[in-house]
Amino acid sequence: MNVSIEGARIYTTLPLFGGIPITASMVNAWVVMAIITGLCIWLTRGLKVENIGKRQVVAELLVTTCQKFVIGNMGERYAHFVPFIGALFSISALCSLSSLVGAFPATADLSTVLSWAVLVFGLITYTKIKTNGFVGYLKGFTTPIAVFTPFNIISELATPISMGFRHFGNIVSGSVISTLLYAALALLNQAVFGWLPGVLGEVLGGIPFLQLGIPAILSIYFDVFGSFMQAFIFCMLTTLYIANAAEE
C-alpha cells in the first residue's frame, strides 16, 4: 500500500484492487454514508401507530418534508423520487458539513459532485426517452428547426457540467475565502502585537487573538448555511430538470 500527500487530499493506492487510488474525499463520503445509514436505522426502529416517541416524530417530520418538496416540484406521479432526493440532499449537506470537524469535504472534490450530476443527467435522459420514445428523444434535438441541433446537443451535455461545477465552485470558494481570512488575520495579529518589545511581543504575536471571532461568524455562513443551501439548490435543479423532461 502506497500513501502520498497531495494538497488537502491523501491518496492511498491499493495494489490488490488494481492500484485503485482511495482519496480522502472518498473515505469521508463513505463515512458520511455510514452515518446516514446508521441514523436511518436508528430513527426507524420500533415504529408505532399510536403513542409515538420523539424519535419517530423526527423521522416522520423528515419524510414529510421531503415528500412535500418532491411532490410540490414534480407532482404526485413522481413521489417515488422521494427516497432518492432525500438521500441526495443528506449526503450533499453532511459531506459539506464535515469540514466543521476538520475533514476534507467530499463536495470540495469535483469528481464527487460531477458523478452526482452525471447520475441526475442519466435520470433526465431516461425520463425523456420513456416519455417520448427513443426516436422522439432524438427528434427533440432538432426543435424548433434542424439548424439548432448542434446547439441543442451542447445544451444537453452542459446540464451535468453546470450542475457539478456550480456545487463544487460554491463549496470550494467558501473554503478558499476562509483560508485567506485566517492567513490575513494571522498577519494582522502579528502586526498588532508583534511590535511589543522582547519576549512580550513574541508571545502575544504568536497567540491568535484576532482569529477567534470573525472566522467563526463566516464559518456559520460558508460551512453551515452554505452547505444546506447548495444541497437544496442541487436537489431543486434535479427535481425541476426531471419534471421538465417528462413534459417535453
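Predicted model only: the values in this text are computed from it and were never measured.

## So, the overall build of the protein
Then comes step 1: On a plain count of helices and strands, the protein comes out with 7 helices and 3 strands.
Then comes step 2: Seen in sequence order, the protein has helices and strands lined up from the N terminus as β-β-β-α-α-α-α-α-α-α.
Then comes step 3: A burial count over the protein gives 31% of its 248 residues as buried.
Then comes step 4: Accessible surface computed for the protein: about 15,000 Å², of which carbon and sulfur atoms make up 72%.

## Let's talk about the side chain of His167
Then comes step 1: Summarising the element assignment, His167 is placed in helix H5 (residues 149-193).
Then comes step 2: Assessed through its relative accessible area of 1%, His167 is described here as buried.
Then comes step 3: Within the local environment of His167, its side chain forms a polar contact with the side chain of Ser92, the two groups lying 2.7 Å apart.
Then comes step 4: With residues near it in sequence (within four places) discarded, His167 still touches Ser92, Ser96, Thr107, Val113, Trp116, Gln230, Ala231 and Phe234.

## Examining helix H3 (residues 82-97)
Then comes step 1: Over its 16 residues, H3 extends 22 Å from the first C-alpha to the last, a length consistent with the 22 Å expected when each residue adds 1.5 Å.
Then comes step 2: Buried within H3 are the following residues: Val82, Ile85, Gly86, Leu88, Ile91, Ser92, Ala93, Cys95, Ser96 and Leu97.

## Brief notes about the side chain of Ser92
Then comes step 1: Residue position: Ser92 is located in helix H3.
Then comes step 2: Excluding anything up to four places from it in sequence, Ser92 contacts Thr107, Trp116, His167 and Ala231.

## A word on the UniProt feature "transmembrane region" (unreviewed entry) in the protein
Then comes step 1: The feature "transmembrane region" (unreviewed entry), as annotated in UniProt, sits at residues 20-44, 81-104, 110-127, 134-155, 167-188, 200-222 and 228-246 in this numbering.
Then comes step 2: Helix makes up 100% of residues 110-127 and strand makes up 0%, while its end C-alpha atoms are separated by 26 Å.
Then comes step 3: For the annotated span residues 167-188, helix accounts for 100% and strand for 0% of the residues, and the straight-line distance between the end C-alpha atoms is 32 Å.

## Observations concerning the packing of aromatic side chains
Then comes step 1: Under the criterion given, the structure shown has 6 aromatic pairs.
Then comes step 2: Between Trp116 and Phe234, the aromatic rings sit 6.3 Å apart at their centres with planes inclined by 70°, giving edge-to-face as the arrangement. Separated by 118 residues along the polypeptide, Trp116 in helix H4 (residues 110-139) and Phe234 in helix H7 (residues 214-245) bring together distant segments of the chain. For the residue pair Trp116 and Phe234, the accessibility class agrees, reading buried in each case.
Then comes step 3: Ring centres 5.2 Å apart and planes at 80° place the aromatic pair Tyr137 and Phe141 in the edge-to-face group.

Rules and cut-offs
Residues numbered from 1 in each chain as written. Predicted model: local features only at pLDDT ≥ 70, side-chain atom pairs only at ≥ 80, totals over all residues. Heavy atoms only, no water. Helix = DSSP H or I, 4+ residues; strand = E, 2+ residues; numbered from the N terminus. Buried < 20%, exposed > 50% of the residue type's maximum accessible area, 1.4 Å probe, protein only. Areas by Shrake-Rupley, 256 points an atom, 1.4 Å probe, with all protein chains shown as cover. Polar contact = N/O pair within 3.5 Å; in protein donor to acceptor, adjacent residues only side chain to side chain. Contact = heavy atoms within 4.5 Å. Expected span 1.5 Å × (residues − 1). UniProt positions renumbered as here; feature names shortened; annotations may be inferred. Phe/Tyr/Trp six-rings, centres within 6.5 Å; stacked < 30°, edge-to-face > 60°.

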